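Here is how the chains run, residue by residue.
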Amino acid sequence: MSSRTSDVLVVGGGIIGLVTAWRAAQRGFATAVVDPEPGGGAAQVAAGMLAAVTELHYGEQTLLGLNLASARRYPDFAAELTELTGLDLGHRRCGTLAVALDADDRAHLRELHALQQQSGLESEWLSGRECRRLEPMLAPGVRGGLRVDGDHQIDPRRLTRALLAACERAGVVFHRDWAERLDVVRDRAAGITTTDGTRLGAGQVVLAAGSLSGRLAGVPEAVLPPVRPVKGQVLRLTVPQRYAPFLSRTVRAVVRGSQVYLVPRENGELVIGATSEEQGWDTTVTAGGVYELLRDAHELVPGITELPLTETRAGLRPGSPDNAPLLGPTELPGLLLATGHYRNGVLLTPITGDAMAHALTTGELPDEARPFTPRRFTKHLTEQPA
Ligand code: GLY
């Protein structure tokens, strides 16, 4: 058993852990990441929509503020990573078209449009004909849609590679093992022990293990993050050069109550997602999942059946009770959280890195991230009975 010490130890090497480690190292902290496979996780599956406006939901207006703030940071964030690493992130300002296939879908989209307008967001209602003029591959039955030019995309796999490279350049140390247990010494998080028995000491520990964040042994019950896995199955197709441009922007819809989206990359990849399933830590790709995605995507864009299907994969979103992330210090001194990003992990990467670096440096969250303190879920411990 050996013991190595860092200022900041990040548990989890997905995009949230990596951006936290990178920003921490930039602030001068000796930083380490523990993960058996850094750069894995949900970002390897995600489509990478930066969809603050089209993924707006009732009751999530506070989260909208964080989503929009992170979306605004994306151009500079992507440029900084590219300049540092020489890697292109596939940041594409192509916009999104959310369409309706029947009267129910149209009513749903009208409601979304009203909510967007109340929230001061830019989106334009289009007739079915106008939608097809923008995207000729759309089905003739499309009844209308919302054009949102501000919802962009990034390639999460490229983003991951760039974050790994940026971490390496900044001197982040990688421990390729599982974190088995949080070590608490005199009521303070003091590091972790890995499955091979190595003790990794740290001044501060950041738990950023996605949907696994609630399972680290040794974390006191009161601060254990209430995250759960929400499975998403995703397909990747390839658009042959002769069909290009197949779609020029992200196209999405709610079909029979399920979200389906088609995200076209500049390199010809077409990502179709995603199911939303509460099945525990199961990442099996099922015939039913693939069938439903293809069926729904085919209703929107019939021509997809011509395209090669190149990959099927499932990932786990880290869901939280209010669909918003848990960021910053916990009630246990020395332990911080960066988890629970649910549907918005890729979108929230830039602001999470900044907020966590601020919290690691000052002990507090910056103003825009304060509502996302993990303490919102432990409040009842300090409340007095009425
Ligand atoms: N934000 C897309 C998804 O979670 O499927």
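Procedures and definitions
Residues numbered from 1 in each chain as written. Predicted model: local features only at pLDDT ≥ 70, side-chain atom pairs only at ≥ 80, totals over all residues. Heavy atoms only, no water. Patch = residues over 30% accessible without salt bridge, like charges linked within 9 Å, V, L, I, M, F, W, Y side chains within 5 Å. Areas by Shrake-Rupley, 256 points an atom, 1.4 Å probe, with all protein chains shown as cover. Salt bridge = Lys/Arg side-chain N within 4 Å of Asp/Glu carboxyl O. Buried < 20%, exposed > 50% of the residue type's maximum accessible area, 1.4 Å probe, protein only. Helix = DSSP H or I, 4+ residues; strand = E, 2+ residues; numbered from the N terminus. Expected span 1.5 Å × (residues − 1). Contact = heavy atoms within 4.5 Å. Core = buried A, V, L, I, M, F, W, Y, C linked by side-chain atoms within 4.5 Å. Near = heavy atom within 4 Å. Polar contact = N/O pair within 3.5 Å; in protein donor to acceptor, adjacent residues only side chain to side chain. pLDDT = per-residue confidence, 0-100. Disulfide = S-S within 2.5 Å. UniProt positions renumbered as here; feature names shortened; annotations may be inferred.

**Points about a nonpolar patch on the surface**
Argument step 1. On the surface, Trp178, Leu212 and Trp281 cluster together into a nonpolar patch covering about 310 Å² of accessible area.
Argument step 2. Given a relative accessible area of 39%, Trp281 falls into the partly exposed group.

**Notes on helix 6 (residues 287-300)**
Argument step 1. When the terminal C-alpha atoms of helix 6 are compared, their 20 Å separation across 14 residues agrees well with the 20 Å that a helix rising 1.5 Å per residue should span.
Argument step 2. Buried-residue contacts for helix 6 involve strand 4 (96-100), strand 12 (228-238), strand 13 (250-255), strand 14 (258-264), strand 15 (269-273) and strand 16 (309-319).

**Description of the nonpolar core**
Argument step 1. With 49 residues, the main nonpolar core has Trp22, Phe77, Leu81, Leu159, Leu163, Val206 and Leu327 as its most contacted residues.
Argument step 2. Put simply, the parts of the chain that give this core at least two residues each are strand 1 (3-11), helix 1 (15-26), helix 2 (61-85), helix 5 (156-169), strand 18 (335-339) and helix 7 (349-362).
Argument step 3. The biggest single contributor to this core is helix 1, with eight residues.
Argument step 4. Sequence-distant contacts of Leu159, that is, excluding residues within four places in its chain, are made with Ile15, Tyr74, Phe77, Leu81, Leu89, Val346 and Thr349.
Argument step 5. Counting 26 residues, the second largest nonpolar core, distinct from the first, contains Ala253, Val260, Leu300 and Ile304.

**Digging into the site of the ligand**
Argument step 1. In the vicinity of the ligand, the contacting residues are Met49, Glu55, Tyr261, Ala274, Arg317 and Arg343.
Argument step 2. Note that an oxygen atom of the ligand is positioned 2.7 Å from one of the side-chain N or O atoms of Arg317.
Argument step 3. One of the backbone N or O atoms of Arg343 is found 2.9 Å from a nitrogen atom in the ligand.

**A short note on the confidence of the model for the chain**
Argument step 1. Of the residues in the chain, 97% reach a pLDDT of 70 or more, and the chain-wide mean stands at 95.
Argument step 2. Overall, residues 381-386 carries pLDDT values under 50, and its contacts beyond four positions in sequence, including any with other chains, amount to one contact.

**Let's talk about the state of the cysteines**
Argument step 1. The final tally for this structure, using the stated rule, is zero disulfides.
Argument step 2. The thiol of Cys131 is unpaired, and the distance to the nearest cysteine sulfur, on Cys94, comes to 15 Å.

**Some thoughts on the UniProt feature "domain: FAD dependent oxidoreductase" (unreviewed entry) in the chain**
Argument step 1. Those places that UniProt annotates as "domain: FAD dependent oxidoreductase" (unreviewed entry) correspond, in this numbering, to residues 7-358.
Argument step 2. Along residues 7-358 one finds 28% helix and 29% strand; the C-alpha atoms at either end are 14 Å apart.

**Structural notes on the environment of Leu307**
Argument step 1. By the element assignment, Leu307 lies in the loop between helix 6 and strand 16.
Argument step 2. Residues Leu307 and Pro240, spaced 67 residues apart in sequence, show a C-alpha to C-alpha distance of 7.4 Å.

**Topic: the pattern of salt bridges**
Argument step 1. Per the stated rule, a full pass over the model turns up 28 salt bridges.
Argument step 2. When the shortest N-O distance is used, the salt bridge between Asp88 and Arg158 registers 3.1 Å. Of this pair, Asp88 sits in the loop between helix 2 and strand 4 while Arg158 sits in helix 5, and the two are 70 residues apart along the sequence.
Argument step 3. Residues joined in a network through salt bridges with shared partners are Asp88, Asp155, Arg158, Arg236, Arg265 and Glu269.

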